[in-house]
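Overview (structure and organization)
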Amino acid sequence: MINDTLQSTPEGLYCPAGDFHIDPLRPVARAVITHAHADHARAGSRNYLCAREGRAILQTRLGTDARIDALPYGQTVNLNGVALSLHPAGHIRGSAQVRIEHRGHTTVVSGDYKTHSDPTCTPLEPLRCHTFISESTFGLPIFKWPPVAEVMAAIDAWWRENRDQGRTSILFAYALGKAQRILASLDPAIGPILTHGAVEKINRIYRRDGIHLPETRHVDDAEDRELRRKALVIAPPSADHPAWMRRFPHRSRAFASGWMRIRGNRRRRSVDRGFVLSDHGDWEALAGTIEASGAEAIGITHGYAAEMVRWLNERGRQAAIVPSAYADNPPGG
Ligand SMILES: [Zn+2]
Ligand SMILES: [Zn+2]
């Protein structure tokens, strides 16, 4: 029991009064989805509710059979006397915080969020509430993100140098959110941009939604060797295996992730470059957003939850871990 409004159950967070789950782990009657990453959106529930901005993405993820209702950001629906609204989380396109008001008590479930700039989605809206459930994927002070413009300039410079040396630049980034965020800020004048199928599929939805992305081509539609050696290729980390990489014999490999903030991770992935770019909040963003909520009770989930709880408790805040079954290395990291 988190409070009178929300419970932590084996299926995930559950609101008994409104009879809905948030990002349930198993099929339920009504699932409110914060965003379409696989560790939050699972198929099989009878009804779904998400933010309108994320509807097309969620439908693609869950399949055409899924019954999805969509709500514009900030609009309230009444579910058995519980007022529910969705608010921008700035994590990926369509990502939402869930605000629940019941008997004068306001609870906000953050989902994943960030405060650094991202041209492909609506920025995080800080919310005041009594109970705040926050993610803590990067909940350690060592996680401090550099300015996005600096990271993008470094990616462009790496690409330019590889192009001049006749090497393909292969950048691993999560297919949903991170890949499009990078695409939207690259300098397309440097050379051709090629994509893995998983990235191209999401690009199509973003473009249909009116998000401007530079021209991209599926790698299979770009056989020309000379072109490939000038290209930047965006692929999900799962594409990093010999069978897929064979088509780019001269290459430099890089990974764009918050985890690249830790030196050992670049070595472990054996990539040539690590770009620190995350769709989650860094330490400052997490601590700042929790503070700005003004919440008297704080629940922490995802990642370094124990560390964040301890830090809050030491400051006299009422905080506890909210158990979750999310992946340790979630998409968007
Ligand atoms: Zn996510
Ligand atoms: Zn997540």
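Just above sits the structure.
Attention here is on the structure that accompanies the text.

Definitions and cut-offs
- Residue numbering note: each chain is counted from 1, following its sequence as written.
- Ligands are numbered from 1 and chains lettered from A, in the order in which they are written.
- Residue-level local features of this predicted model are given only where pLDDT is at least 70; pairs of side-chain atoms are given and counted only at 80 or more, and the full residue set underlies all totals for whole chains, interfaces and linings.
- Side-chain measures here rest on the full set of heavy atoms in the structure, leaving out hydrogens and waters.
- The helix count covers DSSP runs of H or I at least four residues long, the strand count covers runs of E at least two residues long, and both are numbered beginning at the N terminus.
- Note on classification: 1.4 Å probe, protein chains only; a residue is buried when its accessible area is under 20% of the maximum for its type, exposed when over 50%, partly exposed between these limits.
- For the purposes of these results, a polar contact is taken to be a pair of N or O atoms within 3.5 Å, where, inside protein, one atom must be able to donate a hydrogen and its partner to accept one; residues adjacent in sequence count only when each atom of the pair is a side-chain atom.
- Here, nonpolar core refers to any group of buried Ala, Val, Leu, Ile, Met, Phe, Trp, Tyr and Cys residues whose side-chain atoms link them within 4.5 Å.
- We call two residues contacting when some pair of their heavy atoms lies within 4.5 Å.
- The working definition used for a salt bridge is a side-chain nitrogen of Lys or Arg within 4 Å of a carboxyl oxygen of Asp or Glu.
- A donor here means any N, O or S atom no more than 2.8 Å from the metal (3.2 Å for Na, K and Ca); water is not included, so a site may seem to lack partners.
- Only the contacting stretch of a helix is used when fitting its axis, a line to C-alpha atoms as for every element, and angles between N-to-C directions run 0 to 180 degrees.
- For classification purposes, an angle smaller than 35 degrees is called roughly parallel, one larger than 145 roughly antiparallel, one from 65 to 115 roughly perpendicular, and anything else oblique.
- Left-handed describes a crossing whose near helix is turned anticlockwise from the far helix through less than a right angle; right-handed describes the clockwise counterpart.
- When residue character is reported, Ala, Val, Leu, Ile, Met, Phe, Trp, Tyr, Cys and Pro are called nonpolar, Asp, Glu, Lys and Arg charged, and the others, Gly included, polar.
- Any two strands between which DSSP finds at least two bridges are classified as paired.

**Focus: the side chain of threonine 137**
For threonine 137, the location among the structural elements is in the loop between strand 11 (131-135) and helix 2 (148-165). Residue class for threonine 137 comes out buried when judged on its relative accessible area of 2%. One polar contact links threonine 137 to glutamate 135, side chain to side chain, over a distance of 2.6 Å. In terms of polar contacts, threonine 137 uses its side chain to reach the side chain of histidine 280, at 3.4 Å.

**A short note on the nonpolar core**
Counting residues in hydrophobic clusters, the biggest one holds 41 residues, and the most contacted among them are Leu171, Ile182, Leu186 and Ile234. Contributions of two or more residues to this core are made by strand 5 (47-51), helix 1 (55-62), helix 2, helix 3 (178-185), helix 4 (197-208), strand 15 (232-235) and strand 16 (251-256). Looking at which element gives the most residues to this core, the answer is helix 2, with six residues. The contact partners of leucine 186, leaving out residues within four places of it in the chain, are Met152, Ile155, Asp156, Trp159, Ile193, Leu232 and Ile234. Counting residues in hydrophobic clusters, the runner-up holds 23 residues, among them Phe138, Trp145, Ile170 and Val271.

**Looking at the pattern of salt bridges**
Within the structure shown, the criterion is met by 18 salt bridges. Linking arginine 181 and aspartate 279 is a salt bridge whose minimum nitrogen-to-oxygen distance equals 2.8 Å. Here arginine 181 is found in helix 3, whereas its partner aspartate 279 is found in the loop between strand 17 (273-275) and helix 8 (283-293), with 98 residues between them in sequence. For arginine 181, a relative accessible area of 2% corresponds to the buried category. Residue aspartate 240 pairs with arginine 253 through a salt bridge whose shortest N-O separation is 2.6 Å. Of this pair, aspartate 240 sits in the loop between strand 15 and helix 6 (242-245) while arginine 253 sits in strand 16, and the two are 13 residues apart along the sequence. When its relative accessible area of 28% is taken as the criterion, aspartate 240 is described as partly exposed. Its relative accessible area of 12% is what places arginine 253 among the buried residues. Among the ionic contacts, a cluster of salt bridges with common partners joins Lys114, Asp118, Arg181 and Asp279.

**Considering the coordination of the zinc ion (ligand 1)**
Coordination sphere of the zinc ion (ligand 1), protein contribution only: His35 (NE2), His37 (ND1), His91 (NE2) and Asp112 (OD), at 2.2 to 2.3 Å. Donor residues for the zinc ion (ligand 1), ordered by position in the chain, follow H-x1-H-x53-H-x20-D. A spacing of 3.6 Å is found between the zinc ion (ligand 1) and the zinc ion (ligand 2), which share aspartate 112 as a donor. Here histidine 37 is found in the loop between strand 4 (30-32) and strand 5, whereas its partner aspartate 112 is found in the loop between strand 10 (105-109) and strand 11, with 75 residues between them in sequence. The burial state of histidine 37 is the same as that of aspartate 112; both residues are buried.

**Here's the deal with the packing of helix 1 against helix 4**
One can describe the packing of helix 1 onto helix 4 by two numbers: an axis separation of 9 Å at closest approach and a directional angle of 150°. Taken as axis vectors, helix 1 and helix 4 run roughly antiparallel relative to one another. The two elements helix 1 and helix 4 meet at a crossing, and its hand is right-handed. Across from Ala56, Ile57, Thr60 and Arg61 in helix 1, the residues of helix 4 making contact are Lys201, Ile202, Ile205 and Tyr206. Of the residues belonging to the contact of helix 1 with helix 4, the class tally is five nonpolar, one polar and two charged.

**Considerations on the coordination of the zinc ion (ligand 2)**
The coordination sphere of the zinc ion (ligand 2) contains the protein donors His40 (NE2), Asp112 (OD) and His302 (NE2), at a distance range of 2.1 to 2.5 Å. If you list the donors of the zinc ion (ligand 2) from N- to C-terminus, the spacing comes out as H-x71-D-x189-H.

**Some points on the pairing of strand 11**
Consecutive side chains of a regular strand alternate in pointing toward one face of the sheet and then the other. Across the five residues that make up strand 11, a large majority, five, are buried. By the alternation rule, side chains of strand 11 split into Thr131, Ile133 and Glu135 and Phe132 and Ser134, which are all buried. Alignment of strand 11 against strand 18 (residues 297-301), held across five bridges, turns out to be parallel. Within strand 18, the residue paired with phenylalanine 132 across the bridge is isoleucine 298.

**Describing unusual backbone geometry**
Note on backbone geometry: most residues besides glycine have negative phi, and most peptide bonds are trans. Positioned with a positive phi, aspartate 19 is a non-glycine residue whose angle comes to about 55°. By the secondary structure assignment, aspartate 19 is in the loop between strand 2 (12-15) and strand 3 (20-22). Not every positive phi belongs to a glycine, and aspartate 23 is a case in point at roughly 45°. Position of aspartate 23 relative to the elements: it lies in the loop between strand 3 and strand 4.

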